[in-house]
Amino acid sequence: MTLFERLKKQAQDNPQRLVLPESLEPRTLQAANRVISEGIAQVTFIGNRDAVLGKAFELGLPNIEKASFLDPEDGAMTEPYAELFAELRKSKGVTIEKAREVIKDSLYLGCLMIKNGDADAMVAGALSPTANVLRAAFQVLKTKPGISVVSGAFIMLLPENVPFGEDHMLVFADCAVVPDPTAEELAQIAVATARTTRDIAGLDPVVAMCSFSTKGSAKNERVDKVIEATKLAHELDPELKIDGELQADAAIVPAVGNMKAPGSPVAGHANTLIFPSLEVGNIAYKLVQRLAGAGAVGPILQGLAAPVNDLSRGATVDDIVNTIIVTCNQAIGDKKNN
């Protein structure tokens, strides 16, 4: 069973309440039609029901009528969300009048549905810039307890002839969000990525904090940051199997790990690699993707108090369906962890 076959079955066995705020976007509608048909999630569109069904009829998508709808122009339906947003942002000077204007933005309304307990997760971005998706999520949902930073992980699906990782998978982070994390942020990224490894990749996380040094082989303030981050990650999650600083080969090659970091519980066996900066993580995942022919699932946003994932504006229908499947599994994992 492939990763997505397993994740799809898990989603079907425990359907989550999914918000799709870009309700007239054709690819999103096509993806939702499949998701509803296959019982992957319970879908709510943010938009006028008649307008959405009209667009679905044009596209030949009969399952859209089985979805739920929340019209941002229906004041009777949206007033509780305006009141909630005004309460959440009153320290920022947001009045009820201002809140009523803000929630006409479907991204905010979708996040408020989650905050109010009326939905479990959201997927957006086929039409909206990443900054807009993240802004709504930050202002409404904020981050998980103990986490102050949002990051992006990729699950790397390695070819069978590549003898690294576990079940031909490695998890990389941060590859998408934080350019130059502090030691504290890097520790939080490590803990959040371990949860992604467990909940999405289905592996027991073995986390390597990567650097250009292994156990003191080089001295530099950038190495010091990784060492401090490893210590802080241990404090955040004492049960987590994590070690650093480790060079990439010491992290994933058993012979090198044994030689460079004897006695390490992680060296040579890591399935989760945490990179010291965004440039390193982004370069690493793209090189592995292109040179090894690996699949790259992501970015999976992690650290938010509830699952919200951002799509590329060039996403295909398959991309959107897969992102929905991952997002639903994040919601399932959050409920188990809580």
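Note that this is a predicted model, so its numbers are computed, not measured.

Q: Hey, could you run me through the overall build of the chain in this one?
A: Looking only at helices and strands, the chain features 13 helices and 11 strands. For the chain, whose C-alpha radius of gyration is 21 Å, the value lies close to the compact-globule estimate of 20 Å for 338 residues. Expressed as lengths along the three principal axes of its C-alpha atoms, the size of the chain is roughly 65 × 45 × 30 Å. Looking at the chain as a whole, 54% of its 338 residues qualify as buried. In the chain, 72% of the contacts between residues at least 6 apart in sequence involve partners at least 24 apart. As presented, the chain carries roughly 14,800 Å² of accessible surface, and 51% of it is formed by carbon and sulfur atoms. Averaged over its 33 positive side-chain charges, the chain has a centre that lies 1 Å from the centre of its 42 negative ones.

Q: What is the right way to look at helix H4 (residues 75-88) in this model?
A: Each full turn of the α-helix corresponds to 3.6 residues, which orients residues three or four apart in the same direction. Helix length check: H4, at 14 residues, gives a terminal C-alpha distance of 19 Å against a target of 20 Å (1.5 Å per residue), a fit within 8%. Thr78, Tyr81, Ala82, Leu84, Phe85 and Ala86 are the residues of H4 that are buried. Packing partners of the buried residues in H4 comprise strand S3 (68-70), helix H5 (96-102), helix H6 (106-115) and helix H7 (130-140). Structurally, the start of H4 carries an N-cap: the backbone nitrogen of Ala76 is 3.1 Å from a side-chain oxygen of Asp74.

Q: What's the story with the nonpolar core in this structure? I'm lost.
A: Formed by 62 residues in total, the largest nonpolar core has its most connected members in Phe45, Ile64, Ile155 and Met209. Among the elements that line this core, the one with the most residues is helix H8 (residues 183-201), at nine residues.

Q: Could you clarify how one ought to interpret the sheet that holds strand S2 (residues 41-46) in this entry?
A: Strands belonging to one sheet form pairs held by backbone hydrogen bonds; the direction of such a pair is parallel or antiparallel. Read across the open sheet, the five strands follow the order S3-S2-S1-S4-S11; overall the sheet is parallel. One side of each edge strand has no neighbouring strand; the edge strands of this open sheet are S3 and strand S11 (308-310). Sheet twist, expressed as the average angle between the axes of neighbouring strands with direction ignored, equals 25 degrees. The sheet contacts of H6 involve strand S1 (16-20), S2, S3, strand S4 (121-124) and S11, and relative to S4 the element is tilted by about 165 degrees.

Q: Just to check I follow, could you spell out the packing of aromatic side chains for this structure?
A: In this description, an aromatic ring pair is defined by two values, namely the gap between the centres and the angle between the planes. This structure, assessed with the given rule, holds four aromatic pairs. Their ring planes at 15 degrees and their centres at 3.9 Å tell us that Phe154 and Tyr285 sit as a pair that is stacked. Highlighted residues: Phe154 in strand S5 (residues 151-157) and Tyr285 in helix H12 (residues 278-291), separated in sequence by 131 residues. Aromatic pair Phe172 and Phe275: ring centres 5.2 Å apart, planes at 85 degrees, arrangement edge-to-face. With Phe172 in strand S6 (residues 169-173) and Phe275 in the loop between strand S9 (272-274) and H12, this residue pair connects regions lying 103 residues apart in the sequence. The burial state of Phe172 is the same as that of Phe275; both residues are buried.

Q: Any chance you could explain the pattern of salt bridges here in plain terms?
A: Once the charged atoms of two side chains with opposite charge are near each other, the side chains can pair. One pass over the structure, following the stated rule, counts 15 salt bridges. One salt bridge in this structure joins Asp318 and Arg34, with 2.7 Å as the shortest N-O distance. Of the two residues, Asp318 is situated in helix H13 (residues 317-337) and Arg34 in helix H2 (residues 26-37); the sequence distance between them amounts to 284 residues. Owing to a relative accessible area of 45%, Asp318 belongs among the partly exposed residues under this scheme. The class for Arg34 is partly exposed, based on a relative accessible area of 33%. With a closest N to O distance of 3.9 Å, Glu58 and Lys55 form a salt bridge. In this pair, Glu58 and Lys55 both sit in helix H3 (residues 49-59), three residues apart, roughly one turn of the helix. Assessed through its relative accessible area of 25%, Lys55 is described here as partly exposed. Via salt bridges that share partners, Arg17, Asp120 and Lys335 belong to a single interconnected network.

Criteria and thresholds
- Residues numbered from 1 in each chain as written.
- Predicted model: local features only at pLDDT ≥ 70, side-chain atom pairs only at ≥ 80, totals over all residues.
- Heavy atoms only, no water.
- Helix = DSSP H or I, 4+ residues; strand = E, 2+ residues; numbered from the N terminus.
- Rg over C-alpha atoms; globule rule 2.2 N^0.38 Å.
- Buried < 20%, exposed > 50% of the residue type's maximum accessible area, 1.4 Å probe, protein only.
- Contact = heavy atoms within 4.5 Å.
- Areas by Shrake-Rupley, 256 points an atom, 1.4 Å probe, with all protein chains shown as cover.
- Lys, Arg positive; Asp, Glu negative; His and termini not counted.
- Charge placed at Lys NZ, Arg CZ, Asp CG, Glu CD.
- Expected span 1.5 Å × (residues − 1).
- Polar contact = N/O pair within 3.5 Å; in protein donor to acceptor, adjacent residues only side chain to side chain.
- Core = buried A, V, L, I, M, F, W, Y, C linked by side-chain atoms within 4.5 Å.
- Pairing = 2+ DSSP bridges.
- Axes fitted to C-alpha atoms, helices over the stretch in contact; angles between N-to-C directions.
- Phe/Tyr/Trp six-rings, centres within 6.5 Å; stacked < 30°, edge-to-face > 60°.
- Salt bridge = Lys/Arg side-chain N within 4 Å of Asp/Glu carboxyl O.

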